[in-house]
Amino acid sequence: MSAYKPPAIPSSEITPKNLFLARRKFMQMAGGAAAAALLPTSLWAGEKLSGIVKSGYTVNEELTPYKDVTSYNNFYEFGTGKEDPAQNAGTLKTRPWTVTVEGEVNKPKVFDIEELLKMAPLEERVYRLRCVEAWSMVVPWLGFPLAELIKRVEPNSKAKYVEFVSLLDPVQMPGQRSMVLEWPYREGLRIDEAMHPLTLLTLGLYGELLPNQNGAPIRIVVPWKYGFKSAKSIVSIRFTEQQPISSWMRAGPNEYGFYSNVNPDVDHARWSQAKERRIGDFLKRKTLYFNGYQDEVAQLYAGMDLQKNF
Ligand SMILES: Nc1nc2c(c(=O)[nH]1)N[C@H]1C(S)=C(S)[C@@H](COP(=O)(O)O)O[C@H]1N2
Ligand SMILES: [Mo]
């Protein structure tokens, strides 16, 4: 290990230790200069992160600690246990990485991850993440609206839905050697949901690039839907006329619908969705309609029967 002498900085600017160590590890792995060049922000502890804008789309709730956000995960490509992804996702190679954007668009394009990192100002948005398993977290994500990317490819009039496809590679992703889900992981949104300003193309959390277990190098976060809608490690975004069939719909059509809006009134086939446990809390709390984003998103579903379209 190289000797690192921390600069003299006011304590208010010191990054939490785990965050600092994670950054240092990244710098060592990627090679300092090269890594610094590809990042929009400075990575050294205590240096101000530049270029990250605080977003108004932020909930004012206590953050789930970094440790929990990065060690209690669902990422079945790396195992079905909550601690499996943190332990196993080291085999995921996140550089080089491209995202193919194709289908019903005028300008299909393969985007390099470096280009995506610079496409739009990175915003920090504190969102709730509500898993269908009735636990939740509050995470400071870094990203920009997916709409920014969508505008660049110009969807045509047949583009009614958007499908997200995660990486398929059983060598890097040992969980894909068992058929717990149909691989690659697939999810979908209606195009107006995908264009909604809350839908975040996400590249980081807690001021750093996404840890592998959280879906590096790029994922989406759709805060008013159950966590499984927020596909990780995306390699392809496809615009379609037909509603895509997600991996979870294939696994259990009566348990996982296309819409998957957080809805305390619609139980999962095997358990209630009325309450949730915030990671770190002992007592459960009431689950909010659309995970608390009702004012922003309810109009997307005006006139729809959300018991039927669950
Ligand atoms: N590719 C892929 N994306 C995925 C999953 C997965 O297994 N594979 N799990 C989903 C589920 S069920 C949840 S709750 C969230 C968890 O995100 P987090 O680990 O960053 O909290 O990721 C979602 N995205
Ligand atoms: Mo989930």
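Source: prediction; values computed, not measured.

Reading the values: the criteria
Residues numbered from 1 in each chain as written. Chains lettered and ligands numbered in written order. Predicted model: local features only at pLDDT ≥ 70, side-chain atom pairs only at ≥ 80, totals over all residues. Heavy atoms only, no water. Buried < 20%, exposed > 50% of the residue type's maximum accessible area, 1.4 Å probe, protein only. Helix = DSSP H or I, 4+ residues; strand = E, 2+ residues; numbered from the N terminus. Arc of directions from axis to C-beta. Pairing = 2+ DSSP bridges. Axes fitted to C-alpha atoms, helices over the stretch in contact; angles between N-to-C directions.

(A) Looking closely at helix H6 (residues 146-153). Among the residues of H6, those classed as buried are Leu146, Ala147, Leu149, Ile150 and Val153. The buried residues of H6 occupy an angular sector of 160° when projected down its axis, which confines them to one face. Positive phi appears at glutamate 154, one or two residues downstream of H6, with a value of about 55°.

(B) How the structure looks around the sheet that holds strand E7 (residues 186-190). If you walk across this open sheet you meet the five strands as E3-E2-E11-E6-E7, and the pairing is mixed. Strands at the two margins of the open sheet, each flanked by one partner only, are strand E3 (109-112) and E7. Direction aside, the axes of adjacent strands within the sheet are offset by 20° on average. Looking at chain direction, strand E2 (residues 98-103) and E3 are connected through four bridges and run antiparallel. Each bridged residue has a counterpart across the sheet, and for threonine 100 the counterpart in E3 is valine 110.

(C) Seen up close, unusual backbone geometry. That bond from tryptophan 183 to proline 184 is cis: its omega, -5°, falls within 30 degrees of zero. You can see proline 184 is positioned in the loop between strand E6 (161-166) and E7. Note that the residue after alanine 216, namely proline 217, is joined by a cis bond; omega there is -5°. The topology assignment puts proline 217 in the loop between strand E9 (208-209) and strand E10 (219-221). Even without being glycine, glutamate 154 reaches a positive phi, approximately 55°. Even without being glycine, serine 260 reaches a positive phi, approximately 55°. When its relative accessible area of 3% is taken as the criterion, serine 260 is described as buried.

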